[in-house]
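So you can see what is in the structure, the chains are spelled out below.
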Amino acid sequence: MTQVTFPRLLSSQIAFDIARSIVDGFDKHYRLFRAASQQARRLFEQADWPAAQQTARERIDFYDRRVQEAVQALEQRYPPGDLIDSVWREVKLHYIGLLSDHKQPELAETFFNSVSCQILHRRYYHNDYIFVRPVVSTEYIETEELLPTYRVYYPAADGMRFALKRIVGNFQLERPFAALDRDTGLVEARMIAEFGLDQAEPNLQFHVLSNLFFRNKGAYIVGRAINGAREHPFVIPVLHDKQGELVLDTVITDPDQVALLFSFTRAYFQVDMEVPSATVQFLRSLLPRKPRSEIYTVLGLQKQGKTLFYRDYLQHLKHSSDRFRIAPGIRGLVMLVFELPSFPYVFKVIKDWYPPPKEITRAQVKEKYLLVKHHDRVGRMADTLEYSDVAFPLNRFGEELLAELQQHCPSLVEIEGERLIVKHLYIERRMVPLNMYLADAQVAGDDGRIEHGIVEYGNAIRDLVAANIFPGDMLYKNFGVTRQGRVVFYDYDEIEYLTDCQFRDIPQARNEEDELSAEPWYPIGKHDVFPEQFGRFLLGNATIRHHFMQYHADLLTRAWWQAHKDRILEGEVEDVFPYPQHIRFHQTITPLAQPIPHPAPSSLETLENE
């Protein structure tokens, strides 16, 4: 093929214009992203929970929409002959120059990659044309706004109670607090007890991020206490009480509980950030074991999270030598799951066909995973990273796994030289399947572990129901146990909204023949669910049955499920706390504040068109 060479001046002008257009597309995206976070604050103040949930869902799609807009604008403005490799190399150089004083350069680089991958219409790209590693440093980026990334308070000089009241007051929330003196006193007492602040060092100080973190019905104050050589993370949830006033519900001081608040099993936070890398750096000081990819993701910057995750994965692949294998556990009917033992994630590929009784298509499975991506995961559903055209080193695959992929997923895998290409897959945090967890506990005779697994299993079901989710297939193999011992649902092909289900009691048998029949003697609709049948599939083991009936017997009754469905249909947004109940200050307070009258906020669709 003959290479086309442009005159230098013409090529440079085209390249600069393209680079400027992509930067403008990203800037529009991030402006709207921040507007959504600012709207989340207003909706919290107004206690408009349905609108807050809708805003969070809509924001997830912003990135892809802006990428498509940028691609369409370039394709409409330039003929294909202009958007070729020699020009694109210069586009990247001009783009780097445009990011020299940018506040979100790492996000803008990822946006450039997304646009480039669609413009160049290839599966694999030369490193000259995209950002395979960050080029513009994010170190020490200063905010241009009056608001710094975090504020510093000095409780030794000002008094701890006064410092805590200043922390809360600086957020200038429009709703009044029910009893701020009382609440800050409770926070002070716990911090002194947990952090040993009664022995104050000369450098005692609080660092608090300048913007609140919003999710569901809560706002969160995130900070760290520094006392001598020790640093302690803390998070203060702000909730509405039944009278519509604000309360400090607790202060989370346990690092593991802080990590759970930022878990991959929860919905993304909405927080206004001019310099996101500075917020990520602050959070990493609180969560040193959490990779930057997960922190970006939980802040709603999921595309940046995917980019960093993939870079981490490539580095791990380069510095390891173990082989991919089929993941342990019962083989799924819909997904083929494999893993790299040294890497804490699993790779899930949708099979080409499924044996009975499964009646679902690949498109429907992808819709289920998209539903979970947009839904509140309430700490009980694993977030997934979706990738296309992933290249694996062929020599790292054993014969058994390769045969399984070629047998069950032939349309999605192909071999190109020394690479195995998977055209579509999901990547998810590895967990111990609950059925294996319970089986190991039974072999070890560890009744405490069995009890913990069943209590957590039932609690996971309850939390999912509170979020209007019916798991569909409730077998233990579809749930996993995390490193923190939490049970999480991860098999989504039969997931449904609770409000779409019809919960029924099994009708009385008409005669003895009905009772002995192997098939139901009553009609069953597509969305019919019979909770009293769950025990047949879940409670065959006597020990498991004992613990289940002790803690979760109501899950076997139609009345329990129907009551929750009715509340959701009535518009109630149930509370699912991302921290233990026993650490709450006001355990009698259930935040059920009704929305106060207010003008209808601008929809995010309107914001996008501005």
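The following refers to the structure shown. Everything numeric here is computed off the predicted structure, so don't read it as measured data.

## Describing the packing of aromatic side chains
- Considering all chains together, one arrives at 46 aromatic pairs under this definition.
- Seen in terms of ring centroids, Y150 and F282 are 5.4 Å apart; in terms of plane orientation they differ by 45°. Their pairing is tilted. Taken together, the residues Y150 in strand β1 (residues 150–153) and F282 in helix α10 (residues 276–286) connect sequence positions 132 residues apart.
- The buried category is assigned to F282, whose relative accessible area is 3%.
- By the ring-pair criterion, three or more aromatic residues cluster together here, those being F309, Y310, Y313, F324, F338, F343, Y345, F347, Y387, F392 and F397.
- Here the guanidinium or amino end of R215 rests over the ring plane of F269, the centre of that ring lying 4.0 Å away.

## Quick word on the packing of helix α5 (residues 105–119) against helix α12 (residues 302–318)
- Across the interface, α5 lies against α12 with an axial gap of 10 Å and an inter-helix angle of 80°. Between α5 and α12, the angle falls in the class roughly perpendicular. In this structure, α5 uses E106, L107, T110 and S114 to contact α12, whose residues at the interface are K303, Q304 and T307.
- Per-class residue counts for the contact of α5 with α12 are one nonpolar, four polar and two charged.

## So, the pattern of salt bridges
- This model, assessed by the stated rule, comprises 31 salt bridges.
- In this structure, the salt-bridge partner of D17 is R77, at a minimum N-O distance of 3.9 Å. Here D17, found in helix α1 (residues 8–46), pairs with R77, found in helix α3 (residues 62–77); they are 60 residues apart in sequence, far enough to count as distant.
- Residue classification places D17 among the partly exposed residues on the basis of a relative accessible area of 21%.
- R77 sits in the exposed class, given a relative accessible area of 54%.
- A salt bridge links R504 to D528, with the nearest nitrogen and oxygen atoms 2.7 Å apart. Of this pair, R504 sits in the loop between β18 (502–503) and α17 (512–516) while D528 sits in strand β19 (residues 528–529); the two residues are 24 residues apart in sequence, bridging distant segments of the chain.
- When its relative accessible area of 22% is taken as the criterion, R504 is described as partly exposed.
- In this structure, a network of salt bridges that share partners links the residues K28, R66 and E69.

## Details of the environment of M436
- Turning to its location among the elements, M436 is positioned in helix α15 (residues 434–444).
- Along the backbone, M436 and R510 are 74 residues apart, and their C-alpha atoms lie at a distance of 40 Å.
- If we ignore the near neighbours within four places in the chain, the residues touching M436 are P328 and G329.

## Regarding the nonpolar core
- Core analysis: the biggest nonpolar cluster contains 59 residues, and I18, W88, Y95, F213 and F262 have the highest contact counts within it.
- The element best represented in this core is α1, accounting for nine residues.
- With near-sequence residues (within four places) excluded, Y95 lies in contact with A19, I22, V23, F26, A108, E109, F112 and F131.
- Of all hydrophobic cores here, the second largest spans 51 residues; its members include F264, L438, V465 and L555.

## Regarding the side chain of R311
- Examined against the element boundaries, R311 turns out to sit in helix α12.
- Salt bridges are absent for the buried R311, whose nearest opposite-charge side chain, E109, sits at 5.0 Å.
- A polar contact is formed between the side chain of R311 and the backbone oxygen of V132, at a distance of 3.2 Å.
- Other than its neighbours up to four places away in sequence, R311 contacts F131, V132, R133 and P134.

## Description of the pairing of strand β4 (residues 218–227)
- Most of β4 sits inside the fold, with 10 of its 10 residues counted as buried.
- Because side chains alternate across β4, one face comprises the buried residues G218, Y220, V222, R224 and I226, and the other comprises A219, I221, G223, A225 and N227, equally buried.
- Note: strand β3 (residues 213–215) against β4, three bridges, orientation antiparallel. Counted as the bridge partner of F214 is A219 from β4.
- The hairpin formed by β3 and β4 contains two residues between the paired strands, and N216 there has a positive phi angle of roughly 55°.
- Summarising the sheet, β4 and strand β5 (residues 230–240) pair through nine bridges and their orientation is antiparallel. From the neighbouring strand, V222 faces β5, where its bridge partner is V235.

## Quick notes on α10
- The buried fraction of α10 is high, at eight of 11 residues.
- For α10, the full list of buried residues reads P276, S277, A278, T279, V280, F282, L283 and L286.

## Comments concerning the pairing of strand β9 (residues 345–350)
- Of all the six residues making up β9, six are buried; the element is thus mostly covered by neighbouring parts of the structure.
- Covered by surrounding structure in β9 are Y345, F347 and V349 together with V346, K348 and I350, the residues of both alternating faces.
- Pairing geometry for strand β8 (residues 335–339) and β9, over five bridges, is antiparallel. From the neighbouring strand, F338 faces β9, where its bridge partner is F347.

Each value, and the rule that gives it
- Residues numbered from 1 in each chain as written.
- Predicted model: local features only at pLDDT ≥ 70, side-chain atom pairs only at ≥ 80, totals over all residues.
- Heavy atoms only, no water.
- Phe/Tyr/Trp six-rings, centres within 6.5 Å; stacked < 30°, edge-to-face > 60°.
- Helix = DSSP H or I, 4+ residues; strand = E, 2+ residues; numbered from the N terminus.
- Buried < 20%, exposed > 50% of the residue type's maximum accessible area, 1.4 Å probe, protein only.
- Lys NZ or Arg CZ within 6 Å of the ring centre and 35° of its normal.
- Axes fitted to C-alpha atoms, helices over the stretch in contact; angles between N-to-C directions.
- Parallel < 35°, antiparallel > 145°, perpendicular 65-115°, else oblique.
- Contact = heavy atoms within 4.5 Å.
- Nonpolar A, V, L, I, M, F, W, Y, C, P; charged D, E, K, R; others polar.
- Salt bridge = Lys/Arg side-chain N within 4 Å of Asp/Glu carboxyl O.
- Core = buried A, V, L, I, M, F, W, Y, C linked by side-chain atoms within 4.5 Å.
- Lys, Arg positive; Asp, Glu negative; His and termini not counted.
- Polar contact = N/O pair within 3.5 Å; in protein donor to acceptor, adjacent residues only side chain to side chain.
- Pairing = 2+ DSSP bridges.

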